[in-house]
Amino acid sequence: MSSLSSTLNRRLVGTVPVVVSGTVAVLVGIRLHAHHLPWSLLLACTLAVFGSVADTLTRVVEGWSTTTHRCTVPGCGFTVQLAHTTPAENRRWQETAAAHPGHTPR
C-alpha cells in the first residue's frame, strides 16, 4: 500500500507543475491576445511563460522532496542529495557522507 501511495504522490507532484504552468500560460496568452499580437509572437510568449513556470515549479517541488547529507569534516564539500528513498537507504547514505574516504575542499 505504501508503494502505491508513493507512486501516486510522485505522479501528482509531476503533474501539478504542468497543470499550473499551463493555466498561467493560457491566461497570459489571453491577455496578450487582447493586444492583437501576431500568432507567432503570441505562441512564442505563451510557450516561454509555460517553460519558465514549469521549470521553476519543478525545481521547487524537487527541492522540497530532496534530502541532502553532507560530510561532517569542516571544509569538506562532499554532499549527497536523495529523493524518494526509504528510511533505511536514507540512513545508509547519511553514514556514507559522514565516513567517505576522500575529503574535497570547498
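Our subject in this report is the structure included herewith. Everything numeric here is computed off the predicted structure, so don't read it as measured data.

Some points on the environment of A44
- Here A44 is to be found in helix α2 (residues 39–64).
- Separated by 15 residues in sequence, A44 and G29 place their C-alpha atoms 9.7 Å apart.

Quick notes on the pattern of salt bridges
- Tallied over the full model, the rule gives 2 salt bridges.
- For D55, the salt bridge identified is with R59, shortest N-O distance 3.1 Å. Of this pair, D55 and R59 both sit in helix α2, 4 residues apart, roughly one helical turn.
- Its relative accessible area of 58% is what places R59 among the exposed residues.
- E95 is paired through a salt bridge with R91; the nearest N and O atoms lie 3.3 Å apart. Linking E95 with R91, this pair stays in helix α3 (residues 87–98), spanning 4 residues, or about one helical turn.
- E95 sits in the partly exposed class, given a relative accessible area of 44%.

Some remarks on a nonpolar patch on the surface
- Where nonpolar side chains cluster on the molecular surface, the patch consists of L12, V16, V20 and V24 and spans about 290 Å² of accessible area.
- Residue V16 is classed as partly exposed on the basis of its relative accessible area of 40%.

Rules behind the numbers
- Residues numbered from 1 in each chain as written.
- Predicted model: local features only at pLDDT ≥ 70, side-chain atom pairs only at ≥ 80, totals over all residues.
- Heavy atoms only, no water.
- Helix = DSSP H or I, 4+ residues; strand = E, 2+ residues; numbered from the N terminus.
- Salt bridge = Lys/Arg side-chain N within 4 Å of Asp/Glu carboxyl O.
- Buried < 20%, exposed > 50% of the residue type's maximum accessible area, 1.4 Å probe, protein only.
- Patch = residues over 30% accessible without salt bridge, like charges linked within 9 Å, V, L, I, M, F, W, Y side chains within 5 Å.
- Areas by Shrake-Rupley, 256 points an atom, 1.4 Å probe, with all protein chains shown as cover.

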